[in-house]
Amino acid sequence: MKQHIAIFDTTLRDGSQAESISYSLQDKLHIVRALDGFGVTYIEAGNPASNPKDLHFFELLKENPPKRAKLCAFGATVHPFTPVEKDKNLQSLLAAETPAVAVVGKASADHVTEILQIDKAENLRMVRDTVAYLKAAGKEVIFDAEHFFDGYRADAAYALSVLSAANEAGADVLCLCDTNGGTLPDELKAAVAAAKAALPEATFGIHCHNDSGCAVAATLAAVDAGVTHVQGTFLGLGERCGNAALTTVIGNLSFKYNCDCGVKLGDMKRVAGEIAEISNIRMQRSMPYVGKCAFAHKGGMHIDAVMKKPSSFEHIEPSKVGNERRFLLSEVAGRGTVLPRLHKFAPELTKQSPETAAIVEEVKQREYAGYQYEGADASFELLVKRFLGKWKPHFNVIMYKLSEDFPAPDGERQSTAVIKIEVDGKTQTAGAMGIGPLHALDTAMREALTAFYPEIGELRMSDYKVRVIETNKATDATTRVLMETTDGNKNVFVTIGVSTDVVEASFMALVDAFEYALSRNDK
């Protein structure tokens, strides 16, 4: 039988401590639903004693608990020289009414004497009394041994005595924490092995931070040493350099270690995207398993090999984690690179078709002029359809005009745009003001097009990048604009514009975005 590994997600606690992350109550509820549907074992929902938002959140979760995952409230051991029944933080943990609780306690002698400024015996008392009190209340208790690896390095006997105190008091899991993320995998594995040898009957977990870039590798090393409980955040979010990314950990445990993590692997990319969207961040394109580039191929020889034998450059089948294979277009692309992209909307073309050769040559010429279609799938599709005569435009831009006021009366830069379009022989003129020329053009375009295509109102730009191609030409340089757009239904596409005029390049990308969105509605 496959070894089962319990997955403990702490996105809502450790993840929320990352810079620029701030979850609303609704955000938290959405993340709980996403993680629960994916199948993680535990969801650490926060510290009910730390702030009113977390306290309110636990009240909401009582009304709408997850269907599968165990909710876990987080807290610390009892305060020094305080009886457990009088400790307000422990009472908050019980009031949260979660089936599991995670309590953190010091496992480093230096931290006990220098940070808590108490003697080591009192710290052992705090650990023992806290765990026993929560167990008596019917809780599943996960003891997080904070700074265990630093403590083990400096005073192994004391670090192990902290684990023994928690174990004797009835802790269900002893989670060893690399709290400052500085322990390398080999050293960490040896320390885990020593802890298991000292307490062979205990269940061990691992919690790694990424300060040395080894959080995932260290987590896997701990599993090698026998831990069966793995903590991390879904996307690796966390304080400083973050935590172990569970998407990578789960992928490796499932496909490399042949472990059972109890999750829906085919949903992993989708759930990662949902959590990134809720977190208001752009997920790293290069993230293993779930990143947009995880199965993207650019080199001509690589693409040729993948088409013949995918495993030559792919360590797993992308669909197993809900991802997809992508062939990137560039000036080094050959017919074998372009053909899979063409088959999405021109399935009749073959490698020998003269149109295929002509499209490849057109792409190379445009790349030389500054275009880059590997990141602009929507504009590439429009280019090919126009080239093959398969495209009927939804509108034509007859003219546009821009003017700007310097300085603006209200102190902000003010632009005015007038645009005239034609749709099926009917013309529409619209004008708008905006903060900058692109904003004004976008607003005017929407006003003109909405009369014919009301669905245009759902579109919004989600990212915008400008790059100067020929820096030696100074202000006369060619500029490339990449515009990412979403249609409100989780469909995201990228268009491109290239010109020596950055406004014109932006407008080209904007027109392609509207055209592509309307073509999707046609489908």
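Residues numbered from 1 in each chain as written. Predicted model: local features only at pLDDT ≥ 70, side-chain atom pairs only at ≥ 80, totals over all residues. Heavy atoms only, no water.

### Let's talk about the sheet that holds strand β12 (residues 414–423)
One open sheet holds the three strands; their spatial order is β11-β12-β13, and the pairing between them is antiparallel. The strands lining the two open edges of the sheet, one partner per strand, are β11 (396–405) and β13 (426–434). Each adjacent strand pair in this sheet contributes to an overall mean axis angle of 10 degrees, direction not counted. Pairing between β11 and β12: nine bridges, direction antiparallel. Residue pairing across strands places Asp 405 opposite Gln 414, the latter belonging to β12. Its contacts with the sheet put helix α17 (residues 502–522) on β11 and β12, and the angle it makes with β11 is roughly 140 degrees. (Pairing = 2+ DSSP bridges. Helix = DSSP H or I, 4+ residues; strand = E, 2+ residues; numbered from the N terminus. Axes fitted to C-alpha atoms, helices over the stretch in contact; angles between N-to-C directions. Contact = heavy atoms within 4.5 Å.)

### Digging into the nonpolar core
As a rule of thumb, soluble globular proteins bury nonpolar side chains together. Ranked by size, the top nonpolar core spans 94 residues in total, and within it Phe 143, Phe 148 and Phe 234 carry the most contacts. Setting aside residues up to four positions removed in sequence, Phe 148 forms contacts with Ala 107, Ala 159, Leu 160, Leu 163, Leu 176, Cys 177, Ala 191 and Ala 195. Grouped together as the second largest cluster of nonpolar side chains are 33 residues, Phe 395, Leu 438, Leu 441 and Phe 507 included. (Core = buried A, V, L, I, M, F, W, Y, C linked by side-chain atoms within 4.5 Å. Buried < 20%, exposed > 50% of the residue type's maximum accessible area, 1.4 Å probe, protein only.)

### Brief notes about the side chain of His 209
Here His 209 shows up in the loop between β7 (204–208) and α9 (215–224). Given the relative accessible area of 8%, His 209 is considered buried.

### A word on the sheet that holds strand β4 (residues 100–106)
If you trace the eight strands once around the closed barrel, you get β1-β2-β3-β4-β5-β6-β7-β8, paired in parallel fashion. Here the average twist between neighbouring strands, direction ignored, is 25 degrees. Inspection of the sheet shows strand β2 (residues 42–46) paired to strand β3 (residues 70–76) by four bridges, in the parallel sense. In the strand pairing of β3, Glu 44 is matched with Cys 72. Helix-sheet contacts for helix α3 (residues 88–95) involve β3 and β4, and the interaxial angle to β3 is about 175 degrees. Docked against the sheet, α9 engages β7 and β8 (229–232), running at close to 170 degrees with respect to β7.

### A short note on α9
Most of α9 sits inside the fold, with eight of its ten residues counted as buried. Within the sequence span of α9, burial applies to Ala 215, Val 216, Ala 218, Thr 219, Leu 220, Ala 221, Ala 222 and Val 223. Directly after α9, the chain includes Gly 226, whose backbone phi takes a positive value near 120 degrees.

### Some points on the packing of helix α4 (residues 109–116) against helix α5 (residues 120–136)
One way to put it is that α4 packs onto α5 with a least axis distance of 9 Å and a crossing angle of 100 degrees. Looking at the two axes, α4 sits roughly perpendicular to α5. Packed against α4, whose contacting residues are Ala 109, Val 112, Thr 113 and Leu 116, the element α5 presents Lys 120, Asn 123 and Met 126 at the interface. Taken together, the residues that form the contact of α4 with α5 break down as four nonpolar, two polar and one charged. (Parallel < 35°, antiparallel > 145°, perpendicular 65-115°, else oblique. Nonpolar A, V, L, I, M, F, W, Y, C, P; charged D, E, K, R; others polar.)

### With respect to unusual backbone geometry
Most peptide bonds adopt trans geometry, and most residues besides glycine take a negative phi value. The residue Glu 97 is not glycine, and still its phi comes out positive at about 60 degrees. Within the fold, Glu 97 resides in the loop between α3 and β4. In the Ramachandran plot, Asn 280 falls in the positive-phi region, its phi being about 60 degrees despite a non-glycine side chain.

### Side note on the pairing of β7
Buried residues dominate β7, accounting for five of its five residues. Across the two faces of β7 the burial is the same, with Phe 204, Ile 206 and Cys 208 and Gly 205 and His 207 all buried. Taken together, strand β6 (residues 173–178), helix α8 (residues 185–198) and β7 constitute a β-α-β crossover, and its handedness is right-handed. Sheet topology note: the β7/β8 ladder contains three bridges and is parallel. If you follow Ile 206 over to β8, its bridge partner there is Val 230. Where the polypeptide runs from β7 across α9 and back to β8, its parallel neighbour, the crossover connection is right-handed. (Right-handed = clockwise from strand over helix to strand, strands pointing away.)

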